[in-house]
Amino acid sequence: MRQISSFAKYHEEYKTSIEQPEAFWAEVAEYFAWGKKWDKVLEWNFTDANVKWYSGGTTNMSENCLDRHLEKHANKVALIWEPNDPKEASKSLTYRQLHTEVCKFANVLLGLGIKQGDRVCIYLPMIPEAAVAMLACTRIGAIHSVVFAGFSSTSISDRINDSQCSLLITADAVYRGDKKIDLKKIVDDALLLTPSIQKCIVFNHRNSAIDMKPGRDIWWSDLMANANPIHQVARFEAETPLFILYTSGSTGKPKGVLHTTAGYMVYAGYTFKNVFNYQMGEVFFCTADVGWVTGHTYLVYGPLLNGATSVMFEGTPSYPDHGRFWDVVDKHKVNIFYTAPTAIRSLQSQGEEIFKTKDLSTLRVLGSVGEPINEEAWHWYDKNVGKENCPIVDTWWQTETGGILISPIAGVTPLKPSFATLPLPGIQTVLMDEKGNEIAGNGTEGNLCIKFPWPGMARSVYGDHERFRQTYFSTYLGYYFTGDGCKRDEDGYYRITGRVDDVLNVSGHRIGTGEVEDAINQHDYIIESAVVGYPHDIKGQGIYAFVTLAGHASGDEHVRDVIRKTVTEKIGPFARPDKIQIVKHLPKTRSGKIMRRILRKIAEGATDNLGDTTTLLDPTVVDAIKAGAL
Ligand code: PRX
């Protein structure tokens, strides 16, 4: 794999990648195993949102992650699993063992009639079976749709129905910290509403008492007991759909972001190797859940494509105490550690004492992902975890981008706290002004767009290409619009300032304000709601809901409980509002639009300077809300 060894080389590589993108990405792709090489590296048209990479080529993701390492690295550890409870034993799977499990499970899927193009929903906790299921799907060309195992039954059924999955894979239950989550019970409720599901495979993780529906539910272990461990891969055309991952936007239901085989594979492999400067033999620990894109690209696919050892941690950073991440690093001799700023901030508040008994000397590179990292958290991370001796790569990217787009290259790019620094090779970042023009020069700020395709980019929204075009390619014609605001300083370094749309980032979870409002409004106590974000010390952003009540709703605390419960049921506990203010009226314009700008200011704690309120139907509404602000 091509690797960038110096800052001068980065600039050289970047220049080549812009001047000759096809030659550049063809060379990167040489590292991978292909059935047939591509005829055309790139075809694209951002106006119609059509992008194809490596047309005519055939390949297989699972083969690239597993089979091709068997000759030299069969006995190397592919996956280390660290359980929630430190008293339980950790597990590791070598490349050979993981390959065998994946081949068996691929045969299980085929035996159940799953074929290329079928959609398979995976609702599993952080256990090796999640990786096995993903790799088995991609092995046979089935499209996986992993749903984070913190989502509610309504969210699962919505996602299953949207992509018409025929199979669901889940587990009986899981512990997160000392909290038990009955996954199968949640699934049972979801499956009451999903006619497309034929079968449900259940992994017995915690020996929990569950209902198994005859004819539909089958134990993982029964299927695997006699499964054939030999499976010869078929290679698929480069643009064959690989997976769907649902993510929130400013409007409507979550979108099924669709990634395809070859481009995603090449980009995941290339960025993993280069951003983290991964060296053979190193242990990589990404704390993200497999239910999010970071878990897909940098826990499973990126590391395995590079023959790396990847740590999968089932637990939380605070169980049994706030030193758990560092125990995992110490125990498994982790070299590269990749986490979210929210985790850093929550640990930061616990002090530094805990580090005295942990050996973190194996660490070489630290990473941050999911939200802007504030300078204080950056320095705390640098000092206490990295011992001022590990580069911190602040990696900016999105579910839609498939892999990291803006980031330092570990050990190569000079760092600046809280800057994602520079675009990776192949990534043509631009800032746009309000009129839709590119902003030239440095020392500036605008909306972040990308003006040229990269292999890892999403290709569509599953089942709704027009929505894909509208969402990402219609704000600025000819550009991919990220939804993020961004500064570019005098050195050309990028600093992401956050979303410029109605998407919140709460503890690194991406949540649409509209989604939370829809959930709240479903309760008959509620007439109307408006949800905005506000700065939160640990979560980055907190959720502030303003609600108006129907006549029969009474008891403010009771109403708040009901709202929190409703959101938990409709979306999941992570989307529960932190603050709920009951108001008589929401501030509206004469045409009836809620003025969120004002609510955002109030939620942020502003008492004056709320901006122009002259277009409001009734400006006194604002004073009443201000007076009751939480
Ligand atoms: O606002 C940006 C923020 O997270 C959004 C993407 O969220 P999601 O699709 O869930 O993917 C998260 C993991 C890649 C972006 O639009 N974001 C992500 N990484 C950073 C970030 N904001 C600032 N700095 C980052 N490093």
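## Some details on the packing of helix α3 (residues 61-73) against helix α4 (residues 95-111)
Phase 1: In the contact formed by α3 and α4, the axes pass within 9 Å of each other and the chain directions differ by 140°. On the basis of their axis angle, the class for α3 and α4 is oblique. In the packing of α3 onto α4, the handedness of the crossing is left-handed. Residues Ser62, Cys65, Leu66, Asp67, His69, Leu70 and His73 of α3 lie in contact with α4, whose contacting residues are Tyr95, Arg96, Leu98, His99 and Val102.

## Notes on the site of the ligand
Phase 1: Close to the ligand lie 16 residues, the nearest being Asp394, Thr395, Thr399, Asp484 and Arg510.
Phase 2: Here Arg499 contributes a side-chain N or O atom positioned 2.8 Å from an oxygen atom of the ligand.
Phase 3: Within the side chain of Arg510, one N or O atom sits 2.6 Å away from an oxygen atom of the ligand.
Phase 4: If the ligand stood free it would expose 540 Å²; the protein chains cover 95% of that surface.
Phase 5: When residues of the shell around the ligand are traced back to their parent elements, those giving at least two are β20 (392-395) and β25 (494-499).
Phase 6: Here the shell around the ligand is composed, by residue class, of five nonpolar, six polar and five charged.

## Regarding the domain arrangement of the chain
Phase 1: Along its sequence, the chain is organised into domain 1 (94-234) and domain 2 (516-627).
Phase 2: Every contact between the two is made by six residues of domain 1 and, on the other side, seven residues of domain 2.
Phase 3: Across the domain 1 to domain 2 interface the summed buried area is about 420 Å²; carbon plus sulfur atoms make up 51%.
Phase 4: Linking domain 1 with domain 2 are zero salt bridges.
Phase 5: Summed over the shared surface of domain 1 and domain 2, the result is six residue pairs in polar contact (both at pLDDT 80 or more).
Phase 6: Of the residues assigned to the side of domain 1 that touches domain 2, the class counts are two nonpolar, four polar and no charged.

## Description of the sheet that holds strand β18 (residues 336-339)
Phase 1: The seven strands lie next to each other as β5-β4-β17-β16-β18-β19-β20, forming an open sheet whose pairing is mixed. The sheet terminates laterally at β5 (91-94) and β20, the two strands that pair on one side only. Between one strand and the next, the sheet's axes are offset by a mean angle of 20°, whatever the strand orientation.
Phase 2: Alignment of strand β4 (residues 77-82) against strand β17 (residues 309-313), held across four bridges, turns out to be parallel. From the neighbouring strand, Ile80 faces β17, where its bridge partner is Val311.
Phase 3: Running over the sheet, α4 touches β4 and β5 and is turned about 85° from β5.

## Quick notes on the sheet that holds strand β21 (residues 429-432)
Phase 1: Read from one edge to the other, the open sheet built from four strands follows the order β21-β22-β24-β25, with strand pairing classed as antiparallel. Of all strands in the sheet, those with a lone pairing partner are β21 and β25, marking the two edges. Between one strand and the next, the sheet's axes are offset by a mean angle of 45°, whatever the strand orientation.
Phase 2: Here strand β22 (residues 444-450) runs beside strand β24 (residues 480-488); their pairing, made up of six bridges, is antiparallel. Bridge pairing in β24 places Ile450 opposite Tyr480.

## Observations concerning the packing of aromatic side chains
Phase 1: Tallying each qualifying case throughout the model produces 52 aromatic pairs.
Phase 2: Arranged with centres 6.1 Å apart and planes meeting at 80°, the rings of Phe148 and Phe151 form a pair that is edge-to-face. This pair shows no difference in class: Phe148 is buried, exactly as Phe151 is.
Phase 3: The structure contains a cluster of three or more aromatic residues connected by ring pairs, namely Phe24, Trp25, Trp34, Trp38, Trp53, Tyr54, Tyr267 and Tyr270.
Phase 4: The ring of Phe151 carries Arg159 above its face, with NZ or CZ at 4.2 Å from the centroid.
Phase 5: If you follow Lys579 out to its NZ or CZ, it ends over the ring of Tyr534, 4.6 Å from the centre.

Scoring rules and cut-offs
- Residues numbered from 1 in each chain as written.
- Predicted model: local features only at pLDDT ≥ 70, side-chain atom pairs only at ≥ 80, totals over all residues.
- Heavy atoms only, no water.
- Axes fitted to C-alpha atoms, helices over the stretch in contact; angles between N-to-C directions.
- Helix = DSSP H or I, 4+ residues; strand = E, 2+ residues; numbered from the N terminus.
- Parallel < 35°, antiparallel > 145°, perpendicular 65-115°, else oblique.
- Left-handed = near helix turned anticlockwise from the far one by under 90°.
- Contact = heavy atoms within 4.5 Å.
- Near = heavy atom within 4 Å.
- Polar contact = N/O pair within 3.5 Å; in protein donor to acceptor, adjacent residues only side chain to side chain.
- Areas by Shrake-Rupley, 256 points an atom, 1.4 Å probe, with all protein chains shown as cover.
- Nonpolar A, V, L, I, M, F, W, Y, C, P; charged D, E, K, R; others polar.
- Domains from an automatic or database assignment.
- Buried area = accessible area lost by both parts, 1.4 Å probe.
- Salt bridge = Lys/Arg side-chain N within 4 Å of Asp/Glu carboxyl O.
- Pairing = 2+ DSSP bridges.
- Phe/Tyr/Trp six-rings, centres within 6.5 Å; stacked < 30°, edge-to-face > 60°.
- Buried < 20%, exposed > 50% of the residue type's maximum accessible area, 1.4 Å probe, protein only.
- Lys NZ or Arg CZ within 6 Å of the ring centre and 35° of its normal.

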